[in-house]
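Each chain, letter by letter, is given below.
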Amino acid sequence: MKNFWKVAISFFIVVLIGASYTEYESRVVEFTLSNGLKMLVLDRGEAPVFTFRTYADVGGVDEAMGETGLAHLFEHMAFKGTSTIGTRNYREEKKAIRAMEEAYQAYRDAVQRKADPDTVQHLQEEFLKLRAKADSYAVTNEFDRIIEENGGVSLNAFTTSESTQYFYALPSNRLELWAVLESERFADPVLREFYRERDVVLEERRLRTESSPFGRLAEEFDAAAFKAHPYGRPVIGHRADISTVSLTQAQAFFKKYYGAKNLVIVVVGDVDPDEVKRLAEKYFTRIPPGEDPPPVVTQEPPQNAERRVILFDVAQPQLFIGYHTVEFVHPDRPAIQALASILGSGRTSRLYQRLVKQEKIATGVSVFSGTPGNKYPGLLEISATPVKGKTAEALEPLIYLEIQKIQDEGVTPEEVKRFQTRAKASFIRGLSSNFGLSGQLAFFEVITGSWHNLFREPEKIMQVTPADVQRVARQYLKESNRTVAFIRTVPKGGK
Amino acid sequence: MGRKGFHPAFFTLCLGAFFLLLAGRGDDSEMVGRKPPPLWKTLKYPPLPAFDIPHPRRIPLSNGMLLLLLEDHEFPTVDIEVRIRTGSIYEPADKVGLAGITATVMRTGGTKSISGDELDEDLESIAASLEVGIGQESGFASLSVMKENLGEGLKYLSDVLRNPAFPEDKIALAKIQAKSSISRRNDSPSGIAFREFAKLIYGKNHPLARHTEYQTIDSITRDDLIAFHRRYFKPNAMILGAWGDFDTDDLVKKIEEAFAGWEPGDVNFPPIPPIVAPSGPAVYHVEKEDVNQSNLRMGNLGFRMDDPDYFPLSVWYEILSGGFAGRLFATVRAKKGLAYSVGAGMGASYLYPGILAASAGTKSESTLEAISSILEEFQKMLNGEFNEEDIRYAKESLLNSFIFNFDTTGEIIQRQLTYEYYGYPADFLERYREGIVKATKAEMLSAARRKVHPESFIFLTVGKSTDFDKPLESLGYGPPTMLDISIPQD
C-alpha cells in the first residue's frame, strides 16, 4: 500500500513539471549568422545579469598524434587577448612573436635531430632571448582585467574529450562589451606568452595527474579502456607532447577548429533577444566561417577480453570498472542511465546498500554513464572506494554479484519509478540556474543536433521500463567488455 | 583558467580563483594618438535597470526559532536551510569527531518513528534530499523538496532534528567511514598543506586546528552522541531559512505545526581557548616522495571580518590577488609560468581570526623561486607600489559585480542566515560596499601593514625536497622543522 502511494506521488510530480518547462522551450530564440555561427538566447529572470556559454565543438579527441593536450592548451590561450587587447604595440609584437617562433622551431628541430649539445644550447639561448623580447610587449591578462573591472564573475573555461567551453556572467548593461570581447577573442586571437602558458599547463598536469593518485589511476584506466578511439587519451595531454608542441601547431589547430560553423553560443538572463541578435550581427560576423572539421572516424573495436590495470602506489586503494556502452543519441542511452542510477546513485542504490550499508566495505560508490564523453560511444563507469583496511579487489566480486542479480532477476518498477522521479527533479533544478541552463542548451544543440531535445528528455526518461534496464544490463555489462583499474597500496619505495 | 579537462568526477575542479595583476601596463606612448582606440574602450554603458532586491521576511517563533523566508515562484521547488548553534570546536579534545558523527547518524540512523533506511527510501521516492552536518563553528540541516512534498519534508526535518534514534549499527558505520578518511588524509598534497598549516597558525591542539585520530574516533560512544544532541539542538538555537515556491503565511503555519511542542532551553557553550599568534618567521616542511609538485603556504594569523581594516584591506587584496587579473596570478603564473594555482586569502572570518596566507603549487625544481616571487609581490604591495589606477580597477571589480550578490534567492537567504548566526548587522553587505567606495590608499596601506607580516610569516612546503631548486635554509630562517605526518595507529 505504501508503495502504491509513492508511485502515485511520483506521477503527480511528473505531470506538474510538464507544465513549467514547456514554457521555457517556447521562449528560446534561435538564429544563425551569415558565417554559420548558431546562437540561442533566453530572456529569463529578474536580476539584471546574464551569462553565456560558448561551446566549441572540439576537444581532446580531435588532436593529432603527438599533439595531445592541444585543445586544452588552446583554451588557455583564448584568454591571452587580441591585436588590440593585451599588447603595448601590436606591430612590433607581431614581428617579435614571429622571430621567437622561428627560433623555437630551430631549437626543437635540433633537439629532435639530436644535434650536438653546443648547438642545442646556443639555439635554446637564442629562443629564450627572443621569447623575453616577445613577452615584453604583452599587457599580461588585460583580457581578464576588462571583464573583471566591468563586474564579470565566474570567468572560466574547461576542455573535455569532445568540447571546449567558455563562460562568464556580467551585469546586463554590459551586453555590448561581451559581444565585442567574445567575438574578438575568436575573430582575432593573438597567442601571446604561449611558451609560458605551456609551463602553466605542465603545472596543471602535475597538479591533476602526476601528483594525484586518483589522477594517476584515471589516466591508466582511460588508456586501457580505449585501444583505438581517442577517448583513451588524456585531455590534459601527454607530458612529452605538452613540452614540445609549438605556437605554429596551436595556430593551425585554432584555424581548423574555431571557425564560426564550429561554435554554438548560448546567452541566458536578463537580455532582449532582438538586441542580442543585432549585436551578434554587428560583431560576431567578424569570425570567419571556417571549415567543417571532420568527425573522428576511428571506431573502438568490440572488446572481447577483460582488461586489468594495477597501479602500485603509496596511496590508499581505489577501484574503477568500465563497460563500453553507447553514444548519447543511441536509443539505449536512457535505459543505461537508469541502470547506472539504480546501481549507484543515492543511498537506496543497489551498490550503496550492499557495499556501504550492509557489508561496510566501501566508503562510497558512484556510477556514471557517458564517460569520458557523449558524442561517441563511451563507458558506464563504476568508481568505488574501500574502507580502511580493505582492498579494491575485495570490492570487486560484490559489485559483480549485484550486476548479476539485475541481469538474472531484473529491477523493480519502484526502482525505475524512483529513477524517473529523481531524474526529472534534477532536470528542473538544472534549469534553475543561468549557468546550468546555458550549458544544457549548448550540449543538446551540439551533441543531439537540436536544443529542443533538452525538453524531450523527460519523456525519454519516462519511457524506460524495468525490462529495458535488465536488457541493457545483460547486453553491455559483460565480463569480456570490462576494464578494471585499481590502486594496490604498497609501502614507500615498494614496487 | 580553471581551464582543464577530463573525468566527470573532475568536472567541478575548475580552479576557483582567488587569484591575481600587473604593474606597468599602459599603451606604448609612441603609438597612442596615431591609432584609433580599441573598440572595447569606445563603448558606453546604459545604467543598470532598476531592480528591487528581494528582502526575506524575518519571523521569530514563540519557541525561539527564527525564520527567514523568501518566496520565489519560478520553479516548483522549496529549499530550506537551518543553522544550528553548535560546532566541532565544542567537542571534548579526546573525542574529536564527535560533532561530525552526531550529525551523520542523525541522518543515517533515522528517528524513533522511522529507520534511517526507510527515510532514505521515502526521501528518494519523492526526489527530496535531507542532510545534516556540523562544521567547526556551526551546524546545519538542509531540505530540498518539490513543493507538493513540502509538508512531508518538514515533518521529516523536524523529526530528524528532534528525535534521532542513534542506532549502534549506524554509529559503527559512521566510525568506519571516519577512520577511513583518516587513513586517506595523506594522499592529497594540498590537503596535507591546509591541515598542517592550520595547526601551525592556531596551535596543534586548538579546536580550530586539531583533527580526528583513530583513538578519538574509537572513544566516541552512543551516550556521547545523545548528550551532544541534547545539549545543542534546541529551537531557540536555530535559524531556519527558506526560499522557493511557497506562500509565506502558509509556510509559517506548516513550520509551526511541524515543530509544535518543541520547548526552548538554555544552551551553554564550553569556553574556546584564546588564540595566540604563532611566533615567526619559521619554516616547516613535510616530505612527500610521490609528488613532483610542491604545495606552498605562507602567512600569519588573520582577523575577524568586523575589524575596521577589513574594507580597505579587501581593496588591497583585490590588487594583489583578485580574480584572474591580480598580481600574483599575472606574475607567478602568466609571466613566469611557475604555477597553475596561486592565490592569497586575507584571513577574515566571522567569529575567530582566520588564516591570512598565500598558496601555490609549483614543480619541485622551482619551489624556492616561487616562494620568493610571491614574497616579492607582497613586499611591493606593502611598499605602496600601486597607484590610483590600480585602486580604481580593484574598486570597479568589486563594485560592478555587486549585483551578483542578489541574483538568486538562495544566496540572499544564505547570506542573511550567516549574518544572523554570527550577529553581524543585516546591512553588513551594504556597509561593505560603502567601505570599499571610501577606502583610500593611505587606509589600504596602513591596514595591510597592521595585518600582513612577511617578516614573521610561517612557511610550509609539502613536497620532495631532494628536487628543490635551493635548500629551504636559503630563506634565511635556518633549517626547516620537519613535520611528521605519519598516522598514529590504533
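It should be emphasised that the depicted structure is a prediction, and the values quoted were computed from it without experimental measurement.

What counts and how
- Residues numbered from 1 in each chain as written.
- Chains lettered and ligands numbered in written order.
- Predicted model: local features only at pLDDT ≥ 70, side-chain atom pairs only at ≥ 80, totals over all residues.
- Helix = DSSP H or I, 4+ residues; strand = E, 2+ residues; numbered from the N terminus.
- Rg over C-alpha atoms; globule rule 2.2 N^0.38 Å.
- Buried ≥ 20, exposed ≤ 12 C-beta atoms within 10 Å, placed from the backbone.
- Contact = placed C-beta atoms within 7 Å.
- Nonpolar A, V, L, I, M, F, W, Y, C, P; charged D, E, K, R; others polar.
- Pairing = 2+ DSSP bridges.
- Axes fitted to C-alpha atoms, helices over the stretch in contact; angles between N-to-C directions.
- Core = buried A, V, L, I, M, F, W, Y, C linked by C-beta atoms within 7 Å.
- Parallel < 35°, antiparallel > 145°, perpendicular 65-115°, else oblique.
- Left-handed = near helix turned anticlockwise from the far one by under 90°.
- pLDDT = per-residue confidence, 0-100.
- Expected span 1.5 Å × (residues − 1).

It is worth spelling out the overall build of chain B at this point. Across its full length, chain B holds 15 helices and 14 strands. A globule of 490 residues ought to have a C-alpha radius of gyration of about 23 Å, and chain B, at 25 Å, matches this closely. With the principal axes as the frame, chain B shows a C-alpha extent of 75 × 60 × 45 Å. Looking at chain B as a whole, 46% of its 490 residues qualify as buried.

Now for the overall build of chain A. Scanning chain A from terminus to terminus reveals 18 helices and 11 strands. Taking 495 residues into account, the globule formula puts the C-alpha radius of gyration at 23 Å, and chain A, at 25 Å, falls close to it. Its C-alpha atoms put chain A at 80 × 60 × 35 Å along the principal axes. When the 495 residues of chain A are sorted by exposure, 56% land in the buried category. Contacts in chain A between residues at least 24 apart in sequence constitute 82% of all its contacts with a sequence separation of at least 6.

Listed per partner, the contact involves 86 residues of chain A and 77 residues of chain B. For the side of chain A that touches chain B, the leading source of residues is helix α7 (residues 194-210) of chain A, giving nine residues. Its residues placed into classes, the side of chain A that touches chain B shows 34 nonpolar, 26 polar and 26 charged.

The next point concerns the pairing of strand β12 (residues 355-363) of chain B. Residue and element names in this part refer to chain B. With nine of its nine residues buried, β12 lies for the most part within the structure. Alternating residues of β12 divide into I355, A357, S359, G361 and K363 and L356, A358, A360 and T362, and every residue in both groups is buried. Pairing of strand β8 (residues 293-301) with β12, which is carried by nine bridges, proceeds in the antiparallel orientation. Counted as the bridge partner of R297 is S359 from β12. Where strand β10 (residues 342-345) meets β12, four bridges bridge the pair, whose relative direction is antiparallel.

Turning our attention to unusual backbone geometry. With omega at -5°, the peptide bond leading from T371 of chain A into P372 of chain A counts as cis. With respect to the element layout, P372 of chain A can be found in the loop between β9 (362-371) and β10 (379-386). Between G280 of chain B and P281 of chain B the backbone carries a cis peptide bond, its omega angle lying at 5°. Following the sequence through the fold, P281 of chain B ends up in the loop between α8 (248-258) and β7 (282-287). Residue A127 of chain B is not a glycine yet carries a positive backbone phi of 55°. Mapped onto the elements, A127 of chain B comes out in the loop between α2 (116-125) and β4 (129-134). A tally of 25 C-beta atoms within 10 Å means that A127 of chain B is categorised as buried. Phi is positive for F166 of chain B, which is not a glycine, with a value near 50°. With respect to the helices and strands, F166 of chain B occurs in the loop between α3 (150-162) and α4 (168-183).

With that settled, the discussion passes to the sheet that holds strand β5 (residues 139-146) of chain B. Residues and elements named next belong to chain B. The strand order β1-β2-β6-β3-β5-β4 describes an open sheet built from six strands, whose pairing is mixed. Lying at the two open borders of the sheet, with one neighbouring strand each, are β1 (57-60) and β4. For this sheet the average axis-to-axis angle between neighbouring strands, irrespective of direction, equals 15°. Relative to strand β6 (residues 238-244), strand β3 (residues 77-84) runs antiparallel, the two being bridged by seven bridges. Within β6, the position partnered with R83 by the bridge is I239. Where helix α1 (residues 98-108) meets the sheet, it contacts β4 and β5, and its direction lies at approximately 165° from that of β4. Each of β3, β4 and β5 is contacted by α3, which is oriented at about 160° to β5, the strand it contacts most.

In this section: the nonpolar core. Within the largest apolar cluster, 155 residues are counted, with the highest numbers of intra-cluster contacts made by A250 of chain A together with W316 of chain B. Sequence-distant contacts of W316 of chain B, defined by excluding residues within four places in its chain, comprise M381, M444, A447 and A448 of chain B. Ranked by size, the runner-up nonpolar core spans 58 residues in total, among them M146, I220, A237 and I255 of chain B.

Quick look at the packing of helix α2 (residues 70-77) of chain A against helix α10 (residues 247-257) of chain A now. Residue and element names in this part refer to chain A. One can describe the packing of α2 onto α10 by two numbers: an axis separation of 10 Å at closest approach and a directional angle of 90°. Between α2 and α10, the crossing angle belongs to the class labelled roughly perpendicular. Residue-level contacts link L70, L73, F74 and M77 of α2 to Q249, A250, F253 and F254 of α10. Tallied by class, residues from the contact of α2 with α10 come to seven nonpolar, one polar and no charged.

Our next topic: the packing of helix α13 (residues 350-358) of chain A against helix α14 (residues 392-409) of chain A. Residue and element names in this part refer to chain A. Contact pair α13 / α14: the axes reach a minimum separation of 10 Å and the direction vectors enclose 145°. When you trace α13 past α14, the crossing you get is right-handed. Mapping the contact onto sequence places R350, L351, R354 and L355 in α13 and L395, L398, I399 and E402 in α14.

Residues and elements named next belong to chain A. Counting buried residues in strand β2 (residues 38-43) gives five out of six residues, a clear majority hidden from the surface. For strand β1 (residues 29-32) and β2, the ladder comprises four bridges, and the chain directions are antiparallel. Bridge pairing links T32 to K38 in β2. Examined bridge by bridge, β2 and strand β6 (residues 263-269) share six bridges and lie parallel to one another. Opposite L40, over in β6, you have V266 as the bridge partner.

On to the confidence of the model for chain A. Across chain A, the average pLDDT comes to 94, with 95% of residues at 70 or higher. Counting contacts from residues 1-19 of chain A, a segment whose pLDDT is below 50, to residues more than four positions away or on other chains yields 21 contacts.

Now for the environment of G378 of chain A. Residues and elements named next belong to chain A. Structurally, G378 is set in the loop between β9 and β10. With 28 C-beta atoms packed within 10 Å, G378 lands in the buried category. Each C-alpha atom of the pair G378 and M39 lies 28 Å from the other, and the pair is 339 residues apart in sequence.

Now for helix α15 (residues 413-431) of chain A. Here α15 of chain A contains 19 residues, and its C-alpha end-to-end distance of 27 Å stays within 8% of the 27 Å for a straight helix at 1.5 Å per residue. Here α15 of chain A has its buried residues at E415, V416, K417, R418, F419, Q420, T421, R422, A423, K424, A425 and L431 of chain A.

Our next topic: the sheet that holds strand β7 (residues 307-313) of chain A. All names here are of chain A. Spatial strand order, β7-β11-β8-β10-β9: five strands in an open sheet with mixed pairing. The open sheet terminates on both sides in strands that have one partner only, identified here as β7 and β9. When strand polarity is set aside, the average angle formed by the axes of neighbouring strands in this sheet is 15°. Bridge analysis of strand β8 (residues 319-324) against strand β11 (residues 482-489) gives five bridges, and the strand direction is antiparallel. Within β11, the residue paired with Y323 across the bridge is R482. Against the sheet, α14 contacts β8, β9, β10 and β11, and its axis sits at roughly 130° relative to β10.

Note on placement: Q177 of chain B falls in helix α4. The sequence separation of Q177 of chain B and A242 of chain B amounts to 65 residues, and the corresponding C-alpha distance is 31 Å.

All names here are of chain A. By the element assignment, A228 lies in the loop between α8 (213-225) and α9 (239-244). Through-space distance from the C-alpha of A228 to that of T68 is 15 Å; in sequence the pair is 160 residues apart. Setting aside anything within four residues of it in sequence, one finds A228 in contact with T298, Q299, E300 and P301.

This brings us to helix α12 (residues 333-344) of chain A. Residues and elements named next belong to chain A. In this model α12 runs 16 Å from its N-terminal to its C-terminal C-alpha over 12 residues, within 8% of the 16 Å that 1.5 Å per residue would give. Summarising burial for α12: 11 of the 12 residues are buried, a large majority. Those residues of α12 that sit buried are P334, A335, I336, Q337, A338, L339, A340, S341, I342, L343 and G344. Looking one or two residues past α12, G346 carries a phi angle of roughly 90°, positive in sign.

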